[in-house]
Amino acid sequence: IGHGEGALVASILAGEGVRASKRKRNIAGLILLAGPGRNLRELVYDEIRASLAGHREGEIRTAVDRARRVHEAALANAELPASSEGARQWMIEAFAEDPLKRLTKVRAPILALQGGKDFQVNPVADFEPILALLEDRKRERDAYELFTELDHLFKLEPGVSTPGHYADLRRHLDPAVLDRISSWALMVTGD
């Protein structure tokens, strides 16, 4: 099970198999919570745009351009701002990944869940390509669900999701998500 970028990591592990007791073992299933359906670099630019909604277009463009310059410098092994140097290796590795290609290597059943009000992992640009891939696989135990009123953290969002809402400790994980995960896992494992 992985959430956000962790869904990509879980996909990589599921596609490559798990080593235990000195031999490779298959996994029972893969659960993607707000998993990326496109390259993380493009996802980051859209996340910047969404998190700056309401700002002037010039400010948004400047922020995205700044991120692009940092990414290009990291990938070219050029000088980076000191604040970005620690993320260089992450950028090199993460931006080289194709989440959908990784999912095609997964043989286990997949459950993909997405919040409809997620501004970090887009329900259209990210979730729809994953749905298309799952539908093409035509595997009986694959499943997916869009929780239209939930955000990236799978918490109820009555308005527009923003980074500031994440700190609101009165909001909790929606129980329907836990029910969906547990019922699917029980179905897949036969327990």
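Note: the structure precedes this text.
Remember, it's a predicted structure, so these values are computed and weren't measured experimentally. (Residues numbered from 1 in each chain as written. Predicted model: local features only at pLDDT ≥ 70, side-chain atom pairs only at ≥ 80, totals over all residues. Heavy atoms only, no water.)

## Here we look at the overall build of the protein chain
The condition that has to hold: Runs of E in the DSSP output that reach at least two residues are strands. Runs of H or I that reach at least four are helices, and both are numbered from the N terminus. When we talk radius of gyration, it's over C-alpha atoms, and the globule rule is simply 2.2 Å times the number of residues to the 0.38. Any residue under 20% of the maximum accessible area for its type is buried, any over 50% is exposed, and the rest in between are partly exposed; the area is computed with a 1.4 Å probe on protein chains only. Only heavy atoms enter the contact rule, under which two residues are in contact if any of them lie within 4.5 Å. The protein chains shown are the only cover counted for residues, whose accessible areas, like all others here, come from Shrake-Rupley with a 1.4 Å probe. Counting rule applied: Lys, Arg positive; Asp, Glu negative; His and chain ends not counted. A single reference atom marks each charge: NZ on Lys, CZ on Arg, CG on Asp, CD on Glu.
When you go through the protein chain residue by residue, the secondary structure sums to 8 helices and 6 strands. When its helices and strands are written in sequence order, the protein chain yields β-α-β-β-β-α-α-α-α-α-β-α-β-α. Relative to the 2.2 N^0.38 estimate, which gives 16 Å for 191 residues, the radius of gyration of the protein chain is 18 Å and therefore close to what a compact globule would have. Across the 191 residues that make up the protein chain, the buried fraction comes to 40%. Within the protein chain, contacts between residues at least 6 apart in sequence are counted, and of these 67% link residues at least 24 apart. Carbon and sulfur atoms make up 54% of the accessible area of the protein chain, which amounts to about 10800 Å² in all. Computing the positive centroid from 27 side-chain charges and the negative centroid from 29, the protein chain places the two 6 Å apart.

## Remarks on the nonpolar core
For clarity, the threshold we go by: The set of buried Ala, Val, Leu, Ile, Met, Phe, Trp, Tyr and Cys residues whose side-chain atoms join them within 4.5 Å is what this entry labels a nonpolar core.
Core analysis: the biggest nonpolar cluster contains 25 residues, and Leu 113, Phe 154 and Val 177 have the highest contact counts within it. Mapped by element, the contributors of at least two residues to this core are helix 1 (5-16), strand 4 (30-33), helix 2 (40-51), helix 3 (57-75), helix 5 (88-94), strand 5 (110-115), strand 6 (143-147) and helix 8 (175-189). Ranked by residues supplied to this core, first place goes to helix 8 with 4 residues. Leu 113 has contacts with Leu 32, Leu 33, Ala 34, Phe 127, Glu 145, Phe 147, Phe 154, Val 177, Arg 180 and Ile 181, leaving out every residue within four places of it along the chain. Listed in part, the 15 residues of the second largest apolar core include Ala 14, Leu 32, Leu 103 and Ile 110.

## Overview of the packing of aromatic side chains
The way to describe two aromatic rings as a pair is by their centre distance and the angle between their planes. Selection rule: Here a Phe, Tyr or Trp ring, Trp counted by its six-membered ring, pairs with any other such ring whose centre lies within 6.5 Å, and the pair is stacked when the planes are under 30 degrees apart, edge-to-face when over 60, and tilted otherwise.
Enumeration over the complete set of coordinates arrives at 3 aromatic pairs. For the pair Trp 90 and Phe 95, a centre-to-centre distance of 5.4 Å together with 70 degrees between the ring planes defines the contact as edge-to-face. Among the residues examined, Trp 90 registers a relative accessible area of 33% and is labelled partly exposed. The exposure class of Phe 95 is buried, given its relative accessible area of 9%.

## Comments concerning the pairing of strand 5
Put simply, the rule is: Here a strand pair is declared whenever DSSP counts at least two bridges between the two strands.
Burial of strand 5 is extensive: 6 of the 6 residues sit out of reach of the surface. Judged by which residues are buried, strand 5 turns out to be covered on both faces: Ile 110, Ala 112 and Gln 114 on one side and Leu 111, Leu 113 and Gly 115 on the other are all buried. Pairing of strand 4 with strand 5, which is carried by 4 bridges, proceeds in the parallel orientation. Pairing of Leu 33 across the sheet is with Leu 113, part of strand 5.

## Focus on the pairing of strand 4
Here strand 4 shows a buried face lined by Leu 30 and Leu 32 and a second buried face lined by Ile 31 and Leu 33. In this sheet, strand 4 lies alongside strand 1 (residues 2-3) in parallel orientation, the contact comprising 2 bridges. Bridge pairing links Gly 2 to Leu 32 in strand 4.

## Concerning unusual backbone geometry
For Ala 34, which is not a glycine, the phi torsion comes out positive at approximately 55 degrees. Relative to the assigned elements, Ala 34 resides in the loop between strand 4 and helix 2. Phi is positive for Phe 154, close to 60 degrees, though the residue is something other than glycine.

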